[in-house]
Amino acid sequence: MVPLSPLDLPSSSPSLPPDIGNSGCDSEMLKTLGELDLLKYASVFGKEQISASEFTQLTDDDLEKLGIPLGHRKKLLSAAGRMSTSGSVVKATDEVPNEFFCPITMELMNDPVIAVDGFSYERKAIELWVAKNQVSPMTNQPLKNKDLVPNRQLKKLIDDHKAKHGM
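1. Notes on unusual backbone geometry
Argument step 1. Even without being a glycine, Asp-37 presents a positive backbone phi close to 60 degrees.
Argument step 2. Along the chain, the position of Asp-37 falls in the loop between helix 1 (27–35) and helix 2 (42–47).
Argument step 3. Classification of Asp-37 by relative accessible area gives partly exposed; the value is 47%.

2. What about helix 6 (residues 123–132)?
Argument step 1. Along helix 6, the residues that are buried comprise Ala-125, Ile-126, Trp-129 and Val-130. The arc that holds the buried residues of helix 6, viewed along the axis, is 120 degrees, so those residues lie on one side. Residues of helix 6 that are exposed and point over 90 degrees away from its buried face: Lys-124, Leu-128, Ala-131 and Lys-132.

3. Re the sheet that holds strand 3 (residues 148–150)
Argument step 1. Ordered by their spatial adjacency, three strands build an open sheet running 2-1-3, and the pairing between neighbours is antiparallel. Each edge of the open sheet is held by one strand with a lone partner, namely strand 2 (120–122) and strand 3. Between one strand and the next, the sheet's axes are offset by a mean angle of 45 degrees, whatever the strand orientation.
Argument step 2. As paired strands, strand 1 (residues 112–115) and strand 3 are joined by three bridges and run antiparallel to one another. Note on strand 3: the bridge partner recorded for Val-113 is Pro-150.
Argument step 3. On top of the sheet, helix 6 reaches strand 1, strand 2 and strand 3; it is set at about 95 degrees to strand 2, its chief contact.

Definitions and cut-offs
- Residues numbered from 1 in each chain as written.
- Predicted model: local features only at pLDDT ≥ 70, side-chain atom pairs only at ≥ 80, totals over all residues.
- Heavy atoms only, no water.
- Helix = DSSP H or I, 4+ residues; strand = E, 2+ residues; numbered from the N terminus.
- Buried < 20%, exposed > 50% of the residue type's maximum accessible area, 1.4 Å probe, protein only.
- Arc of directions from axis to C-beta.
- Pairing = 2+ DSSP bridges.
- Axes fitted to C-alpha atoms, helices over the stretch in contact; angles between N-to-C directions.
- Contact = heavy atoms within 4.5 Å.

Right under this line is the structure:
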């Protein structure tokens, strides 16, 4: 396992947690977490000594046991499924942007809505989620209300992308 220095991360990386250099996370796993904007889990993966190659074998139950909320588990599992043999994530922007996928179902959204947590979801998926849960699927924080607002701009972008690519 080769620790990655914060200087080795792409310049587009989000602000780095102060202990990122001491996380114990291997460089490929740090790179993957950085590409997913989930560097805050570096210490979790480092503590458990989960390498990028082992990452591809994780299940939703494994990630839940690590204390990772559902929305981030879905994002991680989606990335694990797209890992190439080189160990790097095939970027969603090469095909369909990640933002077009519901973080609950990991399917392309048809009726995107914004929940009070600020994230966009497929309407039916988030309606089912809030009927059974009182917390955000992305942050695991309590939802103040169950209001949903149509995300018309995202719907237009998705519809344009579908038309452009014959989907």
